[in-house]
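Chains, contacts and geometry: an overview
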Amino acid sequence: MKIINFALAATAFLALTTACTSSHDTADNTVVEQTEQKDTPPIDEKARALYVKCSNLNDSDACFYLGVAYYNGEGVRQDYSMSATYFEKACNLGDIIGCYNLGLLYGNGQGVRQDYQKANHYYQKACDKNHSSGCYNLGVLYDNGQGVRQDYQLANHYYKIACDMNDNSGCLNLGNLYNNGEGVKQDYRQANKYYLKACDMNNGSGCNNLGSSYNNGEGVKKDYHQAYQYFKKACDLNSGVGCKNLGISYRKGEGVKKDYHQANQYFKKACDMDDGDGCNDLGYSYSHGQGSKQDFQQAMNYYQKSCDLKNGMGCNNVGVLYSNGKGVKQNKKTAKWYCGKACDFGYQQGCDNYRKLNEQGY
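**Quick notes on the overall build of the protein chain**
Looking only at helices and strands, one finds 18 helices and 4 strands in the protein chain. For the protein chain, the proportion of its 362 residues judged to be buried stands at 49%. In the protein chain, once contacts between residues fewer than 6 apart in sequence are set aside, the share between residues at least 24 apart is 52%. Approximately 16700 Å² of the protein chain is accessible, and the part contributed by carbon and sulfur atoms is 42%.

Spelled out as structure tokens, the structure:
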């Protein structure tokens, strides 16, 4: 499911000509992979009994748990198709979580052909019975225009229902709609209200976004110390972008004493969580000897990982190192290829560098 995050602006990078800064928003796309289950002991030895109860007695709980058994391969051979069959039967017998899980299978294309319209149908059934995740997933489909016409107002409607039922992701995405002015009038204060609610429920992205609001003075008075506090909580909740932004706070000395070594520790943590900006920032630290000995080979390693994570800035910086022959053997053609890749990822400096190398005949 799509969860939109807003990254802190100002990440340093290398350029073929003059160093400058860039800012962009990132999107964190999270798919629910595990079915939601009721409280129950392991059912390995009960699979056959569940089959009998589901098939002969139309027992909704038995059908549901048999769907779970096939999904997880507990007591039976794992079979998503059979899982879908029994979740559908459970749903038809009135089991709301069965409806929700069937929606997940259609949304993910597990055991059934991926069909967002059918996912929408089953999420709607779950939401109508006050299942918060069903309402949240409905909001995601309307937000993304998957199986339905994109409609931010309806996305807002379903996120609000989910948030009111204390679904932290619903609160987060509701905040994003207010932040962007999508389906509602742009209102940073309202956005921050929902980011705070998400953060209070330990949603790391909500904490990060609230930190960004304090960092940028959006809907609140600019306060680097408060921004630092929320970035710290986000990072502690394993938000990669939160750790990256915490690193930037230490790099710049905003809300905390400037400390390049500490900054690099948080960039490393972000990178280990596959945050492309974090990897790029750690590469920058090595290339400039900030908080570490200058090491272009290490810089290349982190820029390359950033690029592999489809980060345009990271790809451009790989190209710069190849162009300048730092940490690698100079190769202008390879440099051009990486700058082109950066451009493909929407990074304008990569486009400019690609054009310059192309004009030079590479």
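**What about the packing of helix α12 (residues 240–252) against helix α13 (residues 260–272)?**
Where α12 meets α13, the axes come as close as 8 Å, and the angle between the chain directions of the two elements is 165°. What the angle tells us is that α12 and α13 run roughly antiparallel. For the element pair α12 and α13, the recorded crossing hand is left-handed. Across the interface between the two elements, Gly 240, Cys 243, Lys 244, Leu 246, Gly 247, Ile 248, Tyr 250 and Arg 251 from α12 touch Tyr 260, Gln 262, Ala 263, Tyr 266, Phe 267, Lys 269 and Ala 270 from α13.

**Side note on the packing of aromatic side chains**
Each pair of aromatic rings is reported with the distance of its centres and the angle of its planes. Applying the stated rule across the entire model yields 15 aromatic pairs. Their ring planes at 90° and their centres at 4.9 Å tell us that Trp 337 and Tyr 338 sit as a pair that is edge-to-face. Using a relative accessible area of 52% as the deciding quantity, one classes Trp 337 as exposed. We classify Tyr 338 as buried; its relative accessible area is 12%. Here the aromatic residues Phe 64, Tyr 65 and Phe 87 are joined through ring pairs into a cluster of three or more.

**Side note on the packing of helix α4 (residues 96–108) against helix α5 (residues 116–128)**
Packed helices, taken two at a time, are described by the angle between their axes plus the distance between the axes. The contact between α4 and α5 brings their axes to 8 Å, and the two run at 160°. The orientation of α4 relative to α5 falls into the category roughly antiparallel. Considering the relative orientation of α4 and α5, their crossing is left-handed. For the pair formed by α4 and α5, the contact residues are Ile 96, Cys 99, Tyr 100, Leu 102, Gly 103, Leu 104, Tyr 106 and Gly 107 on the first element and Tyr 116, Lys 118, Ala 119, Tyr 122, Tyr 123, Lys 125 and Ala 126 on the second. When its residues are assigned to classes, the contact of α4 with α5 shows 11 nonpolar, 2 polar and 2 charged.

**Structural notes on the environment of Phe 345**
Mapped onto the fold, Phe 345 is located in the loop between α17 (332–344) and α18 (348–359). Relative accessible area serves as the criterion here: at 34%, Phe 345 is assigned to the partly exposed category. Here the alpha-carbon distance between Phe 345 and Gly 312, two residues 33 residues apart in the chain, equals 5.1 Å. Discounting residues that sit within four places of it in the chain, Phe 345 has contacts with Cys 307, Lys 310, Asn 311, Gly 312 and Cys 315.

**Brief notes about the state of the cysteines**
Applying the stated criterion across every chain, the model contains 9 disulfides. Here Cys 271 connects covalently by a disulfide to Cys 279, the sulfurs 2.1 Å from one another. For the disulfide bridge between Cys 271 and Cys 279, the dihedral angle about the S-S bond is near 95°, and by the sign convention the bridge is right-handed. Judged by its relative accessible area of 0%, Cys 271 is buried. Lacking any disulfide linkage, Cys 339 is separated from the closest cysteine sulfur, that of Cys 315, by 9.3 Å.

**A look at α18**
With 12 residues, α18 ought to run about 16 Å at 1.5 Å a step, and its terminal C-alpha atoms sit 17 Å apart, in line with that. If you check which residues of α18 are buried, you get Gln 349, Gly 350, Cys 351, Asn 353 and Leu 357. Among the structural elements, α16 (312–324) and α17 are those in contact with the buried residues of α18. Two residues or fewer after α18 comes Gly 361, characterised by a positive phi angle close to 95°.

**A look at the nonpolar core**
Counting residues in hydrophobic clusters, the biggest one holds 88 residues, and the most contacted among them are Phe 64, Tyr 123, Tyr 159, Leu 246 and Val 318. Ranked by residue count, the leading element in this core is helix α2 (residues 60–72), at 8 residues. When neighbours within four sequence positions are excluded, Leu 246 is seen to be in contact with Tyr 228, Phe 231, Lys 232, Cys 235 and Tyr 266.

**Overview of unusual backbone geometry**
Phi angles above zero are rare outside glycine, and Asn 238 is one such case at about 65°. Of note, Lys 310 is a non-glycine position whose phi angle comes to about 65°, a positive value. For Lys 310, the position within the fold is in the loop between α15 (296–308) and α16. The exposure class of Lys 310 is exposed, given its relative accessible area of 63%.

**Here's the deal with α12**
Taking 1.5 Å of rise per residue, the 13 residues of α12 would be expected to cover 18 Å, and the 19 Å separating its terminal C-alpha atoms lies within 8% of that figure. For α12, a buried count of 12 out of 13 residues is recorded, marking the element as mostly surrounded by other parts of the structure. Regarding α12, the residues found buried are Gly 240, Val 241, Gly 242, Cys 243, Lys 244, Asn 245, Leu 246, Gly 247, Ile 248, Ser 249, Tyr 250 and Arg 251. One or two steps after α12, the chain reaches Gly 253, where phi turns positive at roughly 70°.

Thresholds applied
Here the residue numbering is sequential within each chain, running from 1 through the sequence in written order. Only residues with pLDDT of at least 70 get local features here, since the model is predicted, and only at 80 or more are side-chain atom pairs given and counted; chain-wide, interface and lining totals rely on the full set of residues. Water and hydrogen atoms were dropped before computing side-chain values, which therefore reflect all heavy atoms in the structure. Numbered from the N terminus, helices here are DSSP runs of H or I no shorter than four residues, and strands are runs of E no shorter than two. Accessibility here uses a 1.4 Å probe with only protein chains present; expressed as a share of the type maximum, an area under 20% marks a residue as buried, one over 50% as exposed, and anything in between as partly exposed. The criterion used for residue contact is that any of the two residues' heavy atoms lie within 4.5 Å. Only the protein chains shown count as cover for residues, and the accessible areas themselves come from Shrake-Rupley with a 1.4 Å probe. Orientation is described by axes fitted as lines to C-alpha atoms, over the contacting stretch for helices, and by angles from 0 to 180 degrees between their N-to-C directions. Angular relationships are summarised with four words: roughly parallel below 35 degrees, roughly antiparallel beyond 145, roughly perpendicular across 65 to 115, and oblique for the angles in between. Handedness of each helix crossing follows the sense of rotation of the near helix against the far helix: counterclockwise by less than a right angle gives left-handed, clockwise gives right-handed. Two rings belonging to Phe, Tyr or Trp (six-membered ring only in the last case) form a pair when the distance between their centres is within 6.5 Å. Interplanar angles under 30 degrees mark stacking, angles over 60 mark edge-to-face geometry, and anything in between is tilted. Think of it as three bins: nonpolar holds Ala, Val, Leu, Ile, Met, Phe, Trp, Tyr, Cys and Pro, charged holds Asp, Glu, Lys and Arg, and polar takes everything else, Gly as well. Count a disulfide wherever a pair of cysteine sulfur atoms falls within 2.5 Å. By this rule the span expected of a helix is its residue count minus one, scaled by 1.5 Å. Throughout this description, the term nonpolar core refers to a set of buried Ala, Val, Leu, Ile, Met, Phe, Trp, Tyr and Cys residues connected via side-chain atoms within 4.5 Å.

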